[in-house]
2 protein chains.
Amino acid sequence: MVAERHSTRNDRDSITLAALKLLDEVGLPDLSMRRLAHELGVQPSALYWHFANKQELLAAVADRILARIDSPTSSTGSGAAVNVARSIRDALLTYRDGAEIVMSSYALGFGADRAHAALVAALSLSPVENPAGRASVLFQFILGHALVVQQRLHAESHGAAAPSPEADPSAGFAVTFDLGVHTFLTGVTAS
Amino acid sequence: MVAERHSTRNDRDSITLAALKLLDEVGLPDLSMRRLAHELGVQPSALYWHFANKQELLAAVADRILARIDSPTSSTGSGAAVNVARSIRDALLTYRDGAEIVMSSYALGFGADRAHAALVAALSLSPVENPAGRASVLFQFILGHALVVQQRLHAESHGAAAPSPEADPSAGFAVTFDLGVHTFLTGVTAS
């Protein structure tokens, strides 16, 4: 019984990792259960034994993307929140279409809890009103920012972007992100 | 010459409006130049006479979506910024996949200038450092928020959403949005 559960868990993990690898090759629009099954050399029905539908698979992929984010460790809420926010952004940008997958799972209530929970924990290190609501706000800023950056970098790599309004887009994005987190945390402290 | 330019402009507007209408019916993934041409009863080549590619058409659609946002009118920067931020959110949520289209055009540098410019104008009504950067931050929060809300509402209408972490999702979203704008503007004032 234990061995069986363990094996099932391993299968889910292997499928999730294969989905992340395929995602990197083909992108989210072309990531289908059929194609994933083909890559794994199994029938699509074998995947549905582990994941009820594609949305559930994508939620597992979202959780895997967020597995690497930092837990809050600093002694003050602001410093910890900055670190957690940056590690969430970095995780989203590490994987092709990572921001879109995590945004979608979060919106549908299927996953991405880890990111929100880490922000709540970081904000709660200092006395703050409504840390859950503030964490939602900060997470939505991080998602919006990462979606814009990821879409732009993808377009630039295909030569499909117009000149950016920012003088140096890649440097500019990092500056805008830090400005956003700083402004938000200043607002939390001053509220 | 003037009449010819006027006629071309009219054609662009008609095509953009037809694209918005088709968007409402089929959604962004199924909005193709071929399908739009079919709806208009013309050859796809006729569309490419007005728009170099689909991205340029979508930028015109994004500008049309944002045409209804408020210009800042209040006497204080904060009050004006709240109104502009809400009107941008409302515009994005009025059209199916509106947030995604505007996010994409903004990221690629093809459009959505009007939203950013209105936020800069509102923030600049009070003395503020780096209003352009702050406007980018606020716009990215609005985009992230609207993308989450729009994706969730769409999934709920198809019965494909899991229970939301928020007690009352629709009321919760409006509360989270106002909390975000308020926290951000407090941070701008206190910086």
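Residues numbered from 1 in each chain as written. Chains lettered and ligands numbered in written order. Predicted model: local features only at pLDDT ≥ 70, side-chain atom pairs only at ≥ 80, totals over all residues.

## Examining the overall build of chain A
- A count of helical and extended segments in chain A gives nine helices and zero strands.
- Helices and strands appear in chain A in the N-to-C order α-α-α-α-α-α-α-α-α.
- In chain A, which comprises 191 residues, the proportion classed as buried is 40%.
- Put simply, 65% of the contacts in chain A that link residues at least 6 apart link residues at least 24 apart. (Helix = DSSP H or I, 4+ residues; strand = E, 2+ residues; numbered from the N terminus. Buried ≥ 20, exposed ≤ 12 C-beta atoms within 10 Å, placed from the backbone. Contact = placed C-beta atoms within 7 Å.)

## With respect to the interface of chain A and chain B
- Contacts between chain A and chain B engage 38 residues on the former and 38 residues on the latter.
- When residues of the side of chain A that touches chain B are traced back to their parent elements, those giving at least two are α6 (98-108), α8 (131-157) and α9 (169-190) of chain A.
- Per-element accounting of the side of chain A that touches chain B gives the leading share, 14 residues, to α8 of chain A.
- Class assignment for the residues of the side of chain A that touches chain B results in 20 nonpolar, 16 polar and two charged. (Nonpolar A, V, L, I, M, F, W, Y, C, P; charged D, E, K, R; others polar.)

## Here's the deal with the relation of the copies chain A and chain B
- You can overlay chain A on chain B at an RMSD of 0.0 Å; the transform is a turn of 180° with a shift of 0.0 Å along its axis. In short, the pair behaves as if placed about a two-fold rotation axis.
- Counting the interface residues of chain A, we find that 100% of their copies in chain B are interface residues as well, pointing to one common contact surface. (Least-squares fit on C-alpha atoms with pLDDT ≥ 70 in both.)

## Let's talk about the domain arrangement of chain A
- Here the domain parsing of chain A yields domain 1 (2-51) and domain 2 (67-190).
- Grouping the amino acids of the side of domain 1 of chain A that touches domain 2 of chain A by side-chain chemistry returns three nonpolar, one polar and one charged. (Domains from an automatic or database assignment.)

## With respect to the packing of helix α6 (residues 98-108) of chain B against helix α8 (residues 131-157) of chain B
All names here are of chain B.
- Interaxial distance between α6 and α8 falls to 8 Å at its minimum, and their mutual angle equals 145°. In terms of crossing hand, the pair formed by α6 and α8 is left-handed. Of the residues in α8, those touching α6 at Ala-99, Glu-100 and Met-103 are Leu-143, Ala-146, Leu-147 and Gln-150.
- When its residues are assigned to classes, the contact of α6 with α8 shows five nonpolar, one polar and one charged. (Axes fitted to C-alpha atoms, helices over the stretch in contact; angles between N-to-C directions. Left-handed = near helix turned anticlockwise from the far one by under 90°.)

## A closer look at the confidence of the model for chain A
Residue and element names in this part refer to chain A.
- When pLDDT is averaged along chain A, the result is 88; 88% of the residues meet or exceed 70.
- Under a pLDDT of 50 for its full length, residues 1-6 has, in the predicted model, zero contacts with residues more than four places off or in other chains.
- This complex was scored by the predictor with a pTM of 0.91 and an ipTM of 0.90. (pLDDT = per-residue confidence, 0-100.)

## A look at the environment of Leu-17 of chain B
- By the secondary structure assignment, Leu-17 of chain B is in helix α1 (residues 2-26).
- Sequence spacing of Leu-17 of chain B and Arg-64 of chain B is 47 residues, and the spatial spacing of their C-alpha atoms is 8.2 Å.

## Brief notes about the nonpolar core
- Of all hydrophobic cores here, the largest spans 108 residues; its most connected members are Val-102 and Leu-119 of chain A together with Val-102 and Leu-119 of chain B.
- The contact partners of Val-102 of chain A, leaving out residues within four places of it in the chain, are Ala-62, Ile-65, Leu-66, Leu-92 and Ala-112 of chain A. (Core = buried A, V, L, I, M, F, W, Y, C linked by C-beta atoms within 7 Å.)

## Considering unusual backbone geometry
Residues and elements named next belong to chain A.
- The backbone of Asp-97 shows a phi angle near 60°, a positive value even though the residue is not glycine.
- For Asp-97, the position within the fold is in the loop between α5 (77-94) and α6.
- A positive phi is found at Asn-130, a non-glycine position, where the angle reads about 55°.
- With respect to the element layout, Asn-130 can be found in the loop between α7 (113-123) and α8.
- A residue is classified by how many C-beta atoms lie within 10 Å of it, and Asn-130, with 16 of them, is partly exposed.

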